[in-house]
Amino acid sequence: MTRHLHIGYFDDERRLLGAARECRDRGIPVVDAISPFPVHGIDEALGIRPSRLPWVTLVGGTAGAVLGLLLQYWTAGVNWPLNVGGKPLDSFPAFVPVAFELTILFAGLSTAGALLLRSRIWPGRGVRRGFETTTDGTHALVLEERDASFESREFRELFLRHGATRSVERAEVIA
Amino acid sequence: MVITAATEPKRAHVAAPVVDVLSDDPTQRPPLMTGENDFTSITDDVCGIAEREATPRAWYIAFAASVTGMTVMFAMLGYLIFNGVGVWGNNQPVAWGWPIVNFVFWVGIGHAGTLISAILFLFRQGWRTSINRFAEAMTIFAVCCAGIFPAVHIGRVWMAYYLFPIPNQMEMWPNFRSPLLWDVFAVSAYALTSLMFWYMGMIPDLATLRDRAKGKVRQIAYGIASMGWTGSARQWHRYEKAYLLLAGLATPLVLSVHSVVSFDFAVSQVPGWHTTIFPPYFVAGAIFSGFAMVVTLMIPARQFFGLKHLVTMKHLEIMCKIILATGMMVGYAYAIEFFIAWYGGNPYERFAFINRAMGPYAWAYWTMATCNVLVPQLFWFKKLRTNLWVMMGVCILVNVGMWFERFVITVISLSRDFLPSSWDYFKPTAVDVLTFAGSFGLFFTLFLLFCRYLPMVAMAEVKTVLPQAHAGHGLHAEEPAR
């Protein structure tokens, strides 16, 4: 199957946003917007739902806290009961610092891990060179032509109306 | 197939009218950067450093010196491992000596990086974008230097894994009620989280370097390092959320780390250590010394790598103000310690403090007090805190003073045991001195490699605070509220 992509390049994020919003309002399918830095408002224009990452952080942090406390209680109080200065075996106040550090560590690691997995980035992953990368100053808006209701010319006009510096048409084979 | 190709407007890199970034006029906020910057010029200026074909001669000279220092340190550590910790000056009653002083010193240095990258991010301080990458790198390298000392100080370094709760055939576990073990967890968690935060922040910039890379080696290296980052809106959306979450996690973490380091002292019964003021006092001191180190490194780096328009005098001035503020917190802690020693009525505590200021180590105490409390007062004067030479001098003295602070706390209290017959005067050996001096070699080696091959300034973040990018915020007003 091939899909027809129309890519508009913008120098200014305002123009990118304008074009993206028009697509949203007119129901033109936006594949992606690619920017060298985070553009405020693009999430909404593209209809990206709020990230569920905070839940991962919460679960990771809770797991760290619970495991941290259990580890300390079990090792110091159950598996090898250790009398330190006559303190009780379940001396939880003394277990707070390590449990706290493990909370942060687990929350942080799970957040970063989830980010890598969900964004599909990991060391050594190549970039699909479907279109030119924009990590300098240019933004790209990638639209898909799904049916004949909207012609190539109209895509081009839409881009130019919003001040695109150029636009590119590309047929992409997807497996 | 290219259908339309309008020529991309090339913005000329012209010198902008001189703006007074140091203006104190509250009605107008001076720009965060000077000169005529646009997205491309930022990319060119920052990537240009890493992409330079020929490595500057000065870099080689500095690198050679640093590697020499690092080699000296590892040679000293090797000598120590073969001969035992007796090659250090540590002995009863001062069993902690320089290694612990150096550990606390280096960990403290790291704190400014996390403060700039996480806490100032939560406070939405736009100026941090020019310096956060740099300061975070400093954090990581300082923590590397810090970790070496306690690891070697345990004596049998090949048994260092005993510090972690690893199941073993003896079914023994570390003592979780000991602050020293809390420290293992605090510093390890800090090192890992800082590394993660630093690296994550660098991924978009590594992608920029990847996309510009000319040589094969560079393409592969930056390609692997940038993890296939494209900069798609979905990636950015998740990335920003993760960055915010990590900043939120790093903030309590950094405050906890030096608090836990202070527990090593405060939880003990030793006069001069057993005080409740230690956690906040240590954290303030850590930020104080860390900022001094950032400024010490930043002044030559911005001159040498041509980043004066991104890291302006204003950035340095703000950091000097933070140094002044935290320096006074430290001064306040010194004063309160003395007050409580008297007011608390504990004769041992009172003796410990009189001994600090008037005993055999008075020279160390007064060096500390002068460098940390008196010298930063120069920053009250705008003329002085905007003079690079004064800044450099003050910041170096602050770091000297902060090393002495840890020396004063660790060594003076221990040298005067409860039993006067055990009293002794601690003398470091040449191995002590060379190991510590060599740790600067390790620090600068890592730092110079960072400056040469990685993006020193967070380009993607700096671009978001450019006036051109701010324009986007105005559009929110046009957009009807949903």
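Along each chain, residue indices are assigned from 1 in the same order as the chain's sequence is written. Each chain gets a letter, beginning with A, and each ligand a number, beginning with 1, in the order they are written. For this predicted model, a pLDDT threshold of at least 70 governs which residues receive local features, and a threshold of 80 or more governs which side-chain atom pairs are given and counted, while totals over whole chains, interfaces and linings are taken from all residues. In computing side-chain values, all of the structure's heavy atoms are included and hydrogens and water are not.

**Topic: the overall build of chain B**
Okay, so step 1: Here a helix means four or more residues in a row that DSSP labels H or I, a strand means two or more in a row labelled E, and each is numbered from the N terminus. A tally of helices and strands in chain B yields 16 helices and one strand.
Okay, so step 2: For chain B, the spread of C-alpha atoms along the three principal axes comes to 90 × 55 × 55 Å.
Okay, so step 3: Using a 1.4 Å probe on the protein chains alone, a residue whose accessible area is under 20% of its type maximum counts as buried, one over 50% counts as exposed, and one in between counts as partly exposed. A buried classification covers 57% of the 482 residues belonging to chain B.
Okay, so step 4: Should any heavy atoms of two residues lie within 4.5 Å, those residues are counted as being in contact. A separation threshold of at least 6 residues defines the contact pool for chain B, and within that pool the share at least 24 residues apart is 81%.
Okay, so step 5: To be clear on the numbers: accessible area is Shrake-Rupley with a 1.4 Å probe, and residue cover counts the displayed protein chains and nothing else. Summing over all exposed atoms, chain B offers an accessible surface of approximately 20200 Å²; the carbon and sulfur share of this is 69%.
Okay, so step 6: Charged residues are defined narrowly, with Lys and Arg counted positive, Asp and Glu counted negative, and His plus the chain ends left uncounted. Taken as the charge centre is NZ of Lys, CZ of Arg, CG of Asp or CD of Glu, depending on the residue. Once the 33 positive and 27 negative side-chain charges of chain B are each reduced to a mean point, those two points are 3 Å apart.

**Here we look at helix H7 (residues 233-266) of chain B**
Okay, so step 1: The terminal C-alpha atoms of H7(B), which comprises 34 residues, lie 49 Å apart, in line with the 50 Å expected from a rise of 1.5 Å per residue.
Okay, so step 2: Among the 34 residues in H7(B), 26 count as buried, and that is most of the element. One fewer than the residue count of a helix, multiplied by 1.5 Å, yields its expected span.

**Quick look at the interface of chain A and chain B**
Okay, so step 1: Taken together, the 77 residues of chain A in the interface contact 68 residues of chain B.
Okay, so step 2: A side-chain nitrogen of Lys or Arg and a carboxyl oxygen of Asp or Glu constitute a salt bridge if their distance falls within 4 Å. Between B:Arg234 and A:Asp32 there is a salt bridge, with its nearest N and O atoms 3.9 Å apart.
Okay, so step 3: For the side of chain A that touches chain B, the secondary structure elements donating two or more residues are helix H1 (13-26), strand E2 (30-34), helix H2 (42-46), helix H3 (53-79), helix H4 (92-118), helix H5 (152-161) and strand E4 (166-173) of chain A.
Okay, so step 4: The element best represented in the side of chain A that touches chain B is H4(A), accounting for 17 residues.
Okay, so step 5: Split by residue class, the side of chain A that touches chain B holds 40 nonpolar, 20 polar and 17 charged. For this classification, the nonpolar set comprises Ala, Val, Leu, Ile, Met, Phe, Trp, Tyr, Cys and Pro, the charged set comprises Asp, Glu, Lys and Arg, and every other residue, Gly included, is treated as polar.

**Some points on the domain arrangement of chain A**
Okay, so step 1: An automatic or database domain assignment is the source of the domain bounds shown. We note that the domain assignment places domain 1 (2-50 + 131-173) and domain 2 (53-119) within chain A.
Okay, so step 2: Measuring from the centre of the C-alpha atoms in domain 1 of chain A to the corresponding centre in domain 2 of chain A gives 45 Å.

**Some words on the confidence of the model for chain B**
Residues and elements named next belong to chain B.
Okay, so step 1: The quantity known as pLDDT measures the predictor's confidence residue by residue, on a range of 0 to 100. Averaged over every residue, the pLDDT of chain B is 87; residues scoring 70 or more account for 93%.
Okay, so step 2: Here residues 472-482 is modelled with pLDDT under 50, and outside its nearest four sequence neighbours on either side it reaches 13 contacts, counting other chains as well.
Okay, so step 3: Here the predicted complex scores 0.90 on pTM and 0.91 on ipTM.

**Focus: the packing of helix H2 (residues 57-83) of chain B against helix H14 (residues 430-453) of chain B**
All names here are of chain B.
Okay, so step 1: Between H2 and H14, whose axes approach to 6 Å, the crossing angle comes to 140 degrees. Comparing their axes, H14 and H2 come out oblique. When the axes of H2 and H14 are compared, the crossing they make is left-handed. Residues Trp59, Ala62, Phe63, Ser66, Val67, Gly69, Met70, Val72, Met73, Met76, Leu77 and Tyr79 of H2 lie in contact with H14, whose contacting residues are Val431, Leu434, Thr435, Gly438, Ser439, Gly441, Leu442, Phe444, Thr445, Leu448, Leu449 and Arg452. The axes used here are C-alpha line fits, helices contributing only the stretch in contact, and every angle between their N-to-C directions lies in the interval 0 to 180 degrees. In these notes the angle categories are as follows: under 35 degrees is roughly parallel, over 145 is roughly antiparallel, 65 to 115 is roughly perpendicular, and the rest is oblique. Crossings are classed by handedness, with left-handed meaning an anticlockwise turn of the near helix from the far one by less than a right angle and right-handed meaning a clockwise turn.

**Points about the nonpolar core**
Okay, so step 1: Each nonpolar core is a collection of buried residues, namely Ala, Val, Leu, Ile, Met, Phe, Trp, Tyr and Cys, held together in the definition by side-chain atoms within 4.5 Å. A:Leu141, B:Trp106, B:Phe407 and B:Met456 are the most contacted members of the largest nonpolar core, which has 195 residues in total.
Okay, so step 2: Taken domain by domain, this core gets at least three of its residues from each of domain 1 (2-50 + 131-173) and domain 2 (53-119) of chain A.
Okay, so step 3: Those residues within four positions of A:Leu141 in sequence are excluded, and the remaining contacts are A:His6, A:Ile7, A:Gly8, A:Phe10, A:Leu16, A:Ala19, A:Ala20, A:Cys23, A:Val30, A:Asp32, A:Ala33 and A:Phe159.
Okay, so step 4: Grouped together as the second largest cluster of nonpolar side chains are seven residues, A:Ile7, A:Tyr9, A:Ile34 and A:Val168 included.

**Comments concerning the packing of aromatic side chains**
Residue and element names in this part refer to chain B.
Okay, so step 1: Side-chain rings of Phe, Tyr and Trp (the six-membered ring for Trp) are treated as a pair once their centres are within 6.5 Å; stacked means planes under 30 degrees apart, edge-to-face means over 60, and tilted covers the remaining angles. Scanning the model with the defined rule gives 58 aromatic pairs over all chains in all.
Okay, so step 2: Taking 5.8 Å as the distance between ring centres and 85 degrees as the angle between the ring planes, the aromatic pair formed by Trp182 and Phe263 counts as edge-to-face. Taken together, the positions of Trp182 in helix H5 (residues 179-212) and Phe263 in helix H7 put the pair 81 residues apart, joining distant regions of the chain.
Okay, so step 3: With relative accessibility at 7%, the residue Trp182 sits in the buried group.
Okay, so step 4: Judged by relative accessible area, Phe263 falls into the partly exposed class, the value being 23%.
Okay, so step 5: Seen from their ring centres, Phe265 and Trp273 are 4.8 Å apart, and the 85 degrees between their planes marks the pair as edge-to-face.
Okay, so step 6: For Phe265, a relative accessible area of 1% puts it in the buried group.
Okay, so step 7: By relative accessible area, Trp273 is classed as buried at 3%.

**Looking at H2(B)**
All names here are of chain B.
Okay, so step 1: With 27 residues, H2 extends 39 Å between its outermost C-alpha atoms, agreeing within 8% with the 39 Å of an ideal straight helix rising 1.5 Å per residue.
Okay, so step 2: Those residues of H2 that fall on the buried side of the exposure criterion are Trp59, Ser66, Gly69, Met70, Met73, Met76, Leu77 and Leu80.
Okay, so step 3: Packing partners of the buried residues in H2 comprise helix H4 (132-153), helix H8 (278-304) and H14.
Okay, so step 4: Once H2 finishes, Gly84 follows within two positions and takes phi at roughly 100 degrees, a positive value.

**Points about the environment of B:Ser226**
Residues and elements named next belong to chain B.
Okay, so step 1: Mapped onto the elements, Ser226 comes out in the loop between helix H6 (216-225) and H7.
Okay, so step 2: What makes Ser226 buried here is its relative accessible area of 0%.
Okay, so step 3: On a C-alpha basis, the gap between Ser226 and Arg210 in space is 7.3 Å, while along the polypeptide they are 16 residues apart.
Okay, so step 4: The residues touching Ser226, leaving out its near neighbours within four places in the chain, are Ile203, Leu206, Ala207 and Arg210.
Okay, so step 5: Here the side chain of Ser226 touches Gly223 through a polar contact of 3.3 Å, landing on its backbone oxygen. For this analysis, a polar contact is any N or O atom pair within 3.5 Å, provided that within protein one partner can donate a hydrogen and the other can accept it, and provided that sequence-adjacent residues contribute only side-chain to side-chain pairs.

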